[in-house]
Amino acid sequence: MRKKILIARRAPADVIERLAACFEVDAVEGDGVLAPDELRARLQGKAGAYITGTERITAELLDACPALRAVCTMSVGYNHIDLAACTARGVLVTNTPDVLTETTADLGFALLMATARRMSEGERLLRDGQWKSWSWDFLAGAEVHGTTLGILGMGRIGQALARRARFGFGMEIAYHNRSRLPADTERELGARYLSKDDLLRQADHLVLVLPYSAASHHCIAAAELSLMKPTATLVNIARGGIVDENALVAALRERRIAAAGLDVFEGEPRVNPALLTLPNIVLIPHIGSATLPTRLAMARLAADNLVAALTGATPPTPLNP
Ligand code: DGY
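Keep in mind that this is a model prediction, so the values were computed, not measured.

Caption draft 1: Focus on the overall build of the chain. Check the secondary structure of the chain and you find 13 helices and twelve strands. In terms of overall size, the chain behaves like a compact globule, its C-alpha atoms giving a radius of gyration of 21 Å where 321 residues would be expected to give roughly 20 Å. If you line up the chain on its principal axes, its C-alpha atoms span 70 × 50 × 35 Å. For the chain, buried positions account for 41% of its 321 residues. Long-range pairs, those at least 24 residues apart, make up 64% of the contacts in the chain between residues at least 6 apart in sequence.

Pasting the structure below:
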């Protein structure tokens, strides 16, 4: 008998075909997110779950779906999956690293540029018919080239950002990470390791690229923001919960930092209404990896993982043994 799987979000046609060639597929159509109850119901009797970052896989859900043997997420982040609970129940978990690294770093750099150079503010003003003339300090923003980029979280995406900043924009690179990079990688990137507090103090622009977990929840809050330069920009392309949004709103309102660029939000897709009132912020809807080639690569890698996981092969990018 063929194993049953759930594809929990709309997926590319070739991915559905590939999975349907191997398994009995229950594929969600449309772009709504399944409510937790619905997800539990649709997962009954399924051996595999093909999910994205919006489906939460909890211990309770696993206990309610004992047939589940593999959870394959089309995302590099996996904070929506209780990995320890999966491992304890023998459920294989995979994600999609590497294929989105450069694309996400591109977006991170674009968001940094847009934030420092006040591009959204300029576009809003232009569309509102408020562009009256030129003046010497009209929409004058912060310099990017030649300044210091602080990177909090120096994994694959952090390093890809560092290369853009160093070799494209002549920036100084400073970083903080759970573990320090090998000396030759630091040399190659021209990256200086700093304590988190020193990074906050020295960065002209700070980009957050660290994984989200209980340990990194609100790791940028009022105390951290107070260490930053009043001219600094903060960019978050990691997960919304890393930043205390209310503290960020206060810091931006009081100009304790100059500007922020957010691709991710604590309650996304809901956006804290206070963020929407600020002029000195660029807000985009979690599109770090959103190019067609990259999203297709992610979707296909997640399918490769699921096929391998349920046919006894080693998945290309496992998160647990
Ligand atoms: C990821 O892959 O974790 C992204 O945030 C989702 O596109």
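Caption draft 2: Region of the structure containing the domain arrangement of the chain. For the chain, the assigned domains are domain 1 (4-97 + 292-310) and domain 2 (101-283). Relative placement of domain 1 and domain 2: their C-alpha centres are 32 Å apart. Between domain 1 and domain 2, the contact holds four residues from the first and six residues from the second. A class-by-class count of the residues in the side of domain 1 that touches domain 2 yields one nonpolar, three polar and no charged.

Caption draft 3: Local environment of the site of the ligand. Near the ligand the following residues occur: Gly-53, Ser-75, Val-76, Gly-77, Leu-100, Gly-288 and Ser-289. Considering only residue class, the shell around the ligand consists of two nonpolar, five polar and no charged.

Caption draft 4: Quick look at the pairing of strand 6 (residues 148-152). The element strand 6 is extensively covered by neighbouring structure, given that four of its five residues are classed as buried. Handedness of the crossover joining strand 6 and strand 7 (residues 172-176) through helix 7 (residues 156-169): right-handed. In this structure, strand 6 lies alongside strand 9 (residues 205-208), joined through four bridges in parallel fashion. Opposite Gly-150, over in strand 9, you have Leu-206 as the bridge partner.

Caption draft 5: Highlighting the nonpolar core. By size, the foremost hydrophobic cluster in this structure holds 53 residues, and its most contacted members are Ile-151, Leu-161, Ile-173, Val-207, Leu-208, Val-209 and Ile-237. Broken down by element, the residue count for this core peaks at seven residues, all from helix 5 (residues 101-116). Setting aside anything within four residues of it in sequence, one finds Ile-237 in contact with Thr-104, Leu-107, Gly-108, Leu-111, Val-207, Leu-208, Val-209, Asp-263, Val-264 and Gly-288.

Caption draft 6: Layout of the sheet that holds strand 7. A sheet is described by the order of its strands in space; here seven strands give the open sequence 8-7-6-9-10-11-12, paired in parallel fashion. The outermost strands of the open sheet, each flanked by one partner alone, are strand 8 (191-193) and strand 12 (281-283). Ignoring which end each strand starts from, the neighbouring axes of this sheet average 20 degrees apart. Relative to strand 12, strand 11 (residues 259-262) runs parallel, the two sharing three bridges. The residue bridging Gly-261 from the neighbouring strand is Val-282, located in strand 12.

Caption draft 7: Here's a closer look at the sheet that holds strand 2 (residues 24-27). Spatially, five strands are ordered 2-1-3-4-5 in an open sheet, and the strand pairing comes out parallel. The open sheet terminates on both sides in strands that have one partner only, identified here as strand 2 and strand 5 (92-94). Pairs of neighbouring strands in the sheet enclose a mean axial angle of 15 degrees, with direction left out of account. The strands touched by helix 1 (residues 13-22) within the sheet are strand 1 (4-7), strand 2 and strand 3 (48-51), with strand 2 carrying the most contacts at an inclination of about 145 degrees. Most of the contacts of helix 13 (residues 292-310) go to strand 4 (residues 70-73), to which it runs at about 170 degrees, and overall it touches strand 1, strand 3, strand 4 and strand 5.

Caption draft 8: Representation of the packing of helix 1 against helix 13 within the structure. At a closest axis distance of 10 Å, the pairing of helix 1 and helix 13 adopts a crossing angle of 10 degrees. Here helix 1 lies roughly parallel to helix 13, going by the angle between them. For the pair helix 1 and helix 13, the contacting residues are Val-15, Arg-18, Leu-19 and Cys-22 in the first and Ala-299, Arg-300, Ala-303, Leu-306 and Val-307 in the second.

Caption draft 9: Region of the structure containing the packing of helix 5 against helix 7. At a closest axis distance of 8 Å, the pairing of helix 5 and helix 7 adopts a crossing angle of 55 degrees. In terms of axis orientation, helix 5 runs oblique to helix 7. Judged by the twist between their axes, the crossing of helix 5 over helix 7 is right-handed. Residues Thr-101, Glu-102, Thr-104, Ala-105, Gly-108 and Phe-109 of helix 5 form the contact with helix 7, whose participating residues are Arg-156, Ile-157, Ala-160, Leu-161 and Arg-164. A per-class count over the contact of helix 5 with helix 7 returns five nonpolar, three polar and three charged.

Cut-offs and rules
Residues numbered from 1 in each chain as written. Predicted model: local features only at pLDDT ≥ 70, side-chain atom pairs only at ≥ 80, totals over all residues. Helix = DSSP H or I, 4+ residues; strand = E, 2+ residues; numbered from the N terminus. Rg over C-alpha atoms; globule rule 2.2 N^0.38 Å. Buried ≥ 20, exposed ≤ 12 C-beta atoms within 10 Å, placed from the backbone. Contact = placed C-beta atoms within 7 Å. Domains from an automatic or database assignment. Nonpolar A, V, L, I, M, F, W, Y, C, P; charged D, E, K, R; others polar. Near = placed C-beta within 6 Å. Right-handed = clockwise from strand over helix to strand, strands pointing away. Pairing = 2+ DSSP bridges. Core = buried A, V, L, I, M, F, W, Y, C linked by C-beta atoms within 7 Å. Axes fitted to C-alpha atoms, helices over the stretch in contact; angles between N-to-C directions. Parallel < 35°, antiparallel > 145°, perpendicular 65-115°, else oblique. Left-handed = near helix turned anticlockwise from the far one by under 90°.

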